[in-house]
Amino acid sequence: FIVLSKAWVDLLEQYGVKREKIAIVPLPVFENLTPESGQPEADSILFVGWIYPHKGLHILIKALPLILKEVPEARLYVVESGAQKQYKNEIIKTLQDLKIEDKVTFLGKLPNDQVKARLSRVRVVAVPEQWGIAWPTLLTEAMACAKPVVASRIGDIPEFIKDNENGFLVDPQD
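Residues numbered from 1 in each chain as written. Predicted model: local features only at pLDDT ≥ 70, side-chain atom pairs only at ≥ 80, totals over all residues. Heavy atoms only, no water.

A. Just the nonpolar core, in detail. Counting residues in each nonpolar core, the largest one holds 19 residues, and the members touching the most others are L119, V125, V127, L139, V149, A151 and I157. For this core, the secondary structure elements donating two or more residues are strand 4 (75-83), helix 4 (112-121), strand 6 (124-127), helix 5 (137-144) and strand 7 (149-152). At three residues, helix 5 tops the list of elements feeding residues into this core. In this structure, L64, Y87, V104 and V124 belong to the second largest nonpolar core, which totals 18 residues. (Core = buried A, V, L, I, M, F, W, Y, C linked by side-chain atoms within 4.5 Å. Buried < 20%, exposed > 50% of the residue type's maximum accessible area, 1.4 Å probe, protein only. Helix = DSSP H or I, 4+ residues; strand = E, 2+ residues; numbered from the N terminus.)

Right, dumping it as structure tokens:
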């Protein structure tokens, strides 16, 4: 079995797979992903992923008013890999209820080169995962672009993001 991290080794061992049958092969950093020169867009946050509850966009949206108290000009950009229509409608309603819809821009689905360009321009990357996912590719890309990451302390994420060292970890529901 080839896995991305120790968390997956532990999981497979729980299911009875012998350790000697498991190899860890971490994701490589993408060679063609380099930070753009110049200053990032001030106070910008990027979320890239599926608009599904387990990806945690609702947690980030609920945190946005707290962020705006500290950083009034903050802006959230959302790149969608796909969307659950009802969940996205709930997100939009929450934005309207909180009166912060002008602080969030849904960019839709973008080609990889545009996602990489956006990643190079933002100030911080948010990964509010709500379930024990294996290594999200976005973390590797953000780290390759030297972007600070705020991510959930869940699944494989804490194996790669060390709180206050190369990113910031929060409890999944926080």
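Having put the structure on the table, let's press on.
B. Spatial organisation of the packing of aromatic side chains. Applying the stated criterion across every chain yields a total of one aromatic pair. With a centroid separation of 5.5 Å and an interplanar angle of 70°, the aromatic rings of W50 and Y52 are classed as edge-to-face. Classification of W50 as partly exposed rests on a relative accessible area of 40%. Its guanidinium or amino end placed over the ring of Y77, R118 lies 4.4 Å from that ring's centre, counting from NZ or CZ. (Phe/Tyr/Trp six-rings, centres within 6.5 Å; stacked < 30°, edge-to-face > 60°. Lys NZ or Arg CZ within 6 Å of the ring centre and 35° of its normal.)

C. Focus on the layout of surface pockets. Space inside the largest pocket adds up to approximately 430 Å³. L60, A63, I67, V150 and V170 are the residues nearest the centre of the largest pocket, which is lined by 17 residues in total. Sorting the residues of the lining of the largest pocket by element identifies helix 2 (57-70), strand 6 and strand 7 as the ones contributing at least two each. Across the lining of the largest pocket, the residue classes break down as 14 nonpolar, one polar and two charged. Split into classes, the residues belonging to the lining of the second largest pocket amount to 10 nonpolar, three polar and three charged. (1 Å grid on protein atoms, 1.4 Å probe; cavity = no way out; pocket = protein on both sides within 12 Å on 5 of 7 lines; lining within 4 Å. Points joined across faces, edges and corners; volume = space filled by probe spheres on them. Nonpolar A, V, L, I, M, F, W, Y, C, P; charged D, E, K, R; others polar.)

D. Examining the environment of I154 more closely. With respect to the element layout, I154 can be found in the loop between strand 7 and helix 6 (157-160). Of the residues examined, I154 reaches a relative accessible area of 17% and is grouped as buried. When the C-alpha positions of I154 and L139 are compared, they lie 13 Å apart, and in sequence the two are 15 residues distant. If we skip the residues at most four places from it in the chain, I154 touches E129, Q130, W131, G132 and P172. (Contact = heavy atoms within 4.5 Å.)

E. Focus on the pairing of strand 4. Where strand 3 (residues 44-51) meets strand 4, eight bridges bridge the pair, whose relative direction is parallel. Bridged to I51 within strand 4 is A83. The β-α-β motif built from strand 3, the intervening helix 2 and the parallel element strand 4 has right-handed crossover chirality. Bridge count between strand 4 and strand 5 (residues 104-108): four bridges; the pairing is parallel. Across the sheet, residue Y77 finds its bridge partner in strand 5, namely T105. (Pairing = 2+ DSSP bridges. Right-handed = clockwise from strand over helix to strand, strands pointing away.)

F. Spotlight on unusual backbone geometry. Positive phi is not limited to glycine here, since D43 has a value of about 60°. In this fold, D43 is placed in the loop between strand 2 (23-24) and strand 3. Here D43 falls in the partly exposed class, since its relative accessible area comes to 29%. Its identity as a non-glycine residue notwithstanding, N164 has a phi of 65°, on the positive side. Considering the arrangement of structural elements, one finds N164 in the loop between helix 6 and strand 8 (168-170). Using a relative accessible area of 59% as the deciding quantity, one classes N164 as exposed.

G. A look at helix 3 (residues 85-97). If you check helix 3, its first and last C-alpha atoms are 18 Å apart, about what 13 residues at 1.5 Å a residue would give, namely 18 Å. What helix 3 keeps buried is the set Y87, I91 and L95. End-on, the buried residues of helix 3 take up no more than an arc of 85°, which puts them together on one face. Counted as exposed and oriented over 90 degrees from the buried face of helix 3: K85, Q86 and D97. Those residues of helix 3 hidden inside the fold are in contact with strand 3, helix 2 and strand 5. Note on helix 3: the residue one or two positions beyond its end, K99, has a positive phi of about 60°. (Expected span 1.5 Å × (residues − 1). Arc of directions from axis to C-beta.)

Interpretation in functional terms is not warranted from these geometric data alone.
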